[in-house]
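A closer look at the structure
Residue-level listing of the chains:
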Amino acid sequence: ASSAFSNCTSLVRVHLPEGLARIEGWTFDGCTSLSEVNIPEGVNYIGMDAFRNCSSLSAIQIPQGVTIIDDEAFMGCQTPTELTIPDKVENVGWDAFWGCSSLTSINIPDGIEDIEYNAFLGCSSLSNVTIPNSVTYIQYDAFYNCTSLKTVTLSGFLDSIGDHAFGYYLSAG
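**Digging into the sheet that holds strand β7 (residues 91–92)**
What links the strands of a sheet is backbone hydrogen bonding, and the strands pair in either a parallel or an antiparallel sense. The strand order across the open sheet built from four strands is β2-β4-β5-β7, with neighbouring strands paired in parallel fashion. Sheet topology places β2 (22–23) and β7 at the edges, where each strand pairs with a single neighbour. Summarising the sheet, strand β5 (residues 68–69) and β7 pair through two bridges and their orientation is parallel. Bridge pairing links I69 to V92 in β7.

This is the structure we're talking about:
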């Protein structure tokens, strides 16, 4: 249920049962010591803030059955280096991976039409992004402060790229 393990700061490992269909919002929010979680294949929904600020989560293994990654689902998960978004995902919510500062690569599947605002904001280690042909809109600040980006391959089917989608902030110092 929602917030079931929220702020259990000593929780290190979780093995979720087969047959689980949804990880509700805030389920593991603030579990700062959580380093390992298995998400079974039957899960089709990862709720808002489900894993927010799980700063020790070493890998994000999203099963192929997931169709929705809701807003801020993995926001602040600082340590994963790779991310593959499953082919069936229809929506990646706003701020979904904001602050995943160790991500060096992501695989965005063909099928996603919209990259929500702030989706990958602050993924400062991300160096290459390929936007598949299915994406028609990249919302504002989607890749803002991804300061290591060297290569962005854009689809020929884009209708719009939002303000500051690939921008970054330069400090005055």
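What follows continues from the structure just given.
**Some thoughts on the packing of aromatic side chains**
Aromatic rings considered in pairs are described by the distance between their centres and by the relative angle of their planes. This model, assessed by the stated rule, comprises nine aromatic pairs. Geometrically, the ring pair formed by F28 and F51 is stacked, given 5.2 Å between the ring centres and 15° between the ring planes. With F28 in the loop between β2 and β3 (36–38) and F51 in the loop between β4 (45–46) and β5, the pair connects residues that are 23 residues apart, well separated along the chain. Looking at F51, the relative accessible area reads 0%, which means it is buried. Ring plane angle 5° and centroid distance 5.4 Å describe the contact between F74 and F97, whose orientation is recorded as stacked. Separated by 23 residues along the polypeptide, F74 in the loop between β5 and β6 (82–84) and F97 in the loop between β7 and β8 (105–107) bring together distant segments of the chain. Judged by its relative accessible area of 1%, F74 is buried. By relative accessible area, F97 is classed as buried at 0%. An aromatic cluster is built from F5, F28, F51, F74, F97, F120, F143 and F166, whose rings are joined through pairwise contacts.

**As for the side chain of N118**
Counting through the fold element by element, N118 comes out in the loop between β9 (114–115) and β10 (128–130). For N118, a relative accessible area of 10% puts it in the buried group. Among all residues touching N118, those that are not within four sequence positions of it are D95, W98, Y140, D141 and A142.

**Details of unusual backbone geometry**
Backbone geometry at W26 places phi at a positive 65°, although glycine is not the residue there. In this structure W26 comes out as partly exposed when scored by relative accessible area, which is 32%. Phi is positive for D49, which is not a glycine, with a value near 60°. Of note, D49 is situated in the loop between β4 and β5.

**A word on the pattern of salt bridges**
Two side chains with opposite charge may pair up if their charged atoms get near one another. A full pass over the atoms with the stated rule returns four salt bridges. The partner of R13 in a salt bridge is E36, and the shortest N-O contact between them spans 3.8 Å. You can see R13 sitting in strand β1 (residues 13–15) and its partner E36 sitting in strand β3, a full 23 residues away along the chain. A relative accessible area of 51% means that R13 is categorised as exposed. Via salt bridges that share partners, D29, D49 and R52 belong to a single interconnected network.

Calculation rules
- Chains are numbered independently. Their residues run from 1 in the order of the written sequence.
- The predicted nature of this model means local features are confined to residues of pLDDT at least 70 and side-chain atom pairs, given and counted, to a pLDDT of 80 or more, with totals for whole chains, interfaces and linings taken over all residues.
- Hydrogens and waters are ignored; side-chain quantities use all the structure's heavy atoms.
- Note on pairing: DSSP must find at least two bridges between two strands before they are called paired.
- Working definition: helices are DSSP H or I runs of at least four residues, strands are E runs of at least two. Numbering for both runs from the N terminus.
- Aromatic contacts are taken between Phe, Tyr and Trp rings whose centres are within 6.5 Å, Trp giving its six-membered ring; a plane angle under 30 degrees counts as stacked, one over 60 as edge-to-face, and the others as tilted.
- Each residue's exposure class comes from its accessible area (1.4 Å probe, protein chains only) as a fraction of the maximum for that residue type: buried when under 20%, exposed when over 50%, partly exposed otherwise.
- Any pair of residues with heavy atoms lying within 4.5 Å of one another is described as a contacting pair.
- A pairing counts as a salt bridge when a side-chain nitrogen of Lys or Arg comes within 4 Å of a carboxyl oxygen of Asp or Glu.

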